[in-house]
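# Inside the fold
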Amino acid sequence: MHITHIEIDMSGMPAPTPEIEQERRVAIFDLLEDNSFRLPARDDRPEAAGPYHVTLAIREKRLVFDVDTEDARDAAEFHLSLSPFRQVVKDYWQICESYYDAVKRLPPSQIEAIDMARRGIHNEGARVLQERLEGKAEVDYDTARRLFTLICVLHFGS
């Protein structure tokens, strides 16, 4: 099972910076190229067969995954608290700012060190997302990393 279409609902949010827009484009491209996403059976619903169309949004200070089947039938909708993501998203954007600045003026060795720290924070965000999705959706590690990037994009605007 996998995602074949993903939409980021940015309604009511400020326009993204060029760097944020680039992060969004790359994450969506990479996600659609290769992902693993499955909705397991739950007490209130059987397993919804994919592939899936996913819309990510922030509504009422909650992260919303709205999942439809490819033939536009509702498959699932779940709302996650943003609280577990707040610090890691903040850390991620701070290290990204350092990275963007470093690329303009620092030698490759220092850029590499900042990029390693950025990857570490990104990995932590992916782990938090996998924990939060437990029982709702099953995603592999690379898919969680790409979805975390998109959550950061949403969080930036909220």
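Residues numbered from 1 in each chain as written. Predicted model: local features only at pLDDT ≥ 70, side-chain atom pairs only at ≥ 80, totals over all residues. Heavy atoms only, no water.

## Observations regarding the overall build of the protein
A tally of regular secondary structure across the protein gives four helices and six strands. When its helices and strands are written in sequence order, the protein yields β-α-β-β-β-β-α-α-β-α. For a compact globule of 158 residues, the expected C-alpha radius of gyration is about 15 Å, and the protein comes in at 16 Å, within 12% of that figure. Across its three principal directions, the C-alpha atoms of the protein cover 55 × 30 × 25 Å. Of all 158 residues assigned to the protein, the portion counted as buried reaches 43%. Put simply, 62% of the contacts in the protein that link residues at least 6 apart link residues at least 24 apart. Per element, the accessible surface of the protein, about 8,500 Å² overall, is 48% carbon and sulfur. Between the averaged position of the 20 positive side-chain charges in the protein and that of its 29 negative side-chain charges there is a distance of 5 Å. (Helix = DSSP H or I, 4+ residues; strand = E, 2+ residues; numbered from the N terminus. Rg over C-alpha atoms; globule rule 2.2 N^0.38 Å. Buried < 20%, exposed > 50% of the residue type's maximum accessible area, 1.4 Å probe, protein only. Contact = heavy atoms within 4.5 Å. Areas by Shrake-Rupley, 256 points an atom, 1.4 Å probe, with all protein chains shown as cover. Lys, Arg positive; Asp, Glu negative; His and termini not counted. Charge placed at Lys NZ, Arg CZ, Asp CG, Glu CD.)

## Focus on the nonpolar core
With 50 residues, the main nonpolar core has Ile6, Leu39, Phe65 and Val67 as its most contacted residues. Put simply, the parts of the chain that give this core at least two residues each are strand S1 (3-8), helix H1 (18-33), strand S3 (52-59), strand S4 (62-69), strand S5 (74-81), helix H2 (83-105), helix H3 (108-133) and helix H4 (141-157). Excluding residues that lie within four positions of it along the chain, phenylalanine 65 makes contacts with Val54, Thr55, Leu56, Ala76, Glu77, Phe78, Leu80, Leu129, Leu133 and Leu147. (Core = buried A, V, L, I, M, F, W, Y, C linked by side-chain atoms within 4.5 Å.)

## A closer look at the packing of H2 against H3
Running from N to C, H2 and H3 cross one another at 160 degrees; their axes reach a closest spacing of 9 Å. In terms of axis orientation, H2 runs roughly antiparallel to H3. In the crossing of H2 with H3, the sense of the turn from one axis to the other is left-handed. Across from Pro84, Phe85, Val88, Asp91, Tyr92, Ile95, Cys96, Ser98, Tyr99, Ala102 and Val103 in H2, the residues of H3 making contact are Ile111, Ile114, Asp115, Ala117, Arg118, Ile121, His122, Glu124, Gly125, Val128, Leu129 and Arg132. Class assignment of the residues belonging to the contact of H2 with H3 gives a composition of 15 nonpolar, three polar and five charged. (Axes fitted to C-alpha atoms, helices over the stretch in contact; angles between N-to-C directions. Parallel < 35°, antiparallel > 145°, perpendicular 65-115°, else oblique. Left-handed = near helix turned anticlockwise from the far one by under 90°. Nonpolar A, V, L, I, M, F, W, Y, C, P; charged D, E, K, R; others polar.)

## Some words on the environment of leucine 32
Summarising the element assignment, leucine 32 is placed in helix H1. Setting aside residues up to four positions removed in sequence, leucine 32 forms contacts with Ile3, Thr4, His5 and Ile6.

## Considering the side chain of arginine 145
Note that arginine 145 resides in helix H4. No salt bridge is formed by the buried arginine 145, whose closest oppositely charged neighbour, aspartate 142, lies at an N-O distance of 4.9 Å. (Salt bridge = Lys/Arg side-chain N within 4 Å of Asp/Glu carboxyl O.)

## Regarding the layout of surface pockets
Looking at the largest pocket, its volume works out to about 300 Å³. Lining the largest pocket are 15 residues; nearest its centre among them are Glu23, Val26, Tyr92, His122 and Thr149. When contributions to the lining of the largest pocket are tallied by element, the ones reaching two or more residues are H1, H2, H3 and H4. Of the residues forming the lining of the largest pocket, the biggest block, six residues, is contributed by H1. (1 Å grid on protein atoms, 1.4 Å probe; cavity = no way out; pocket = protein on both sides within 12 Å on 5 of 7 lines; lining within 4 Å. Points joined across faces, edges and corners; volume = space filled by probe spheres on them.)

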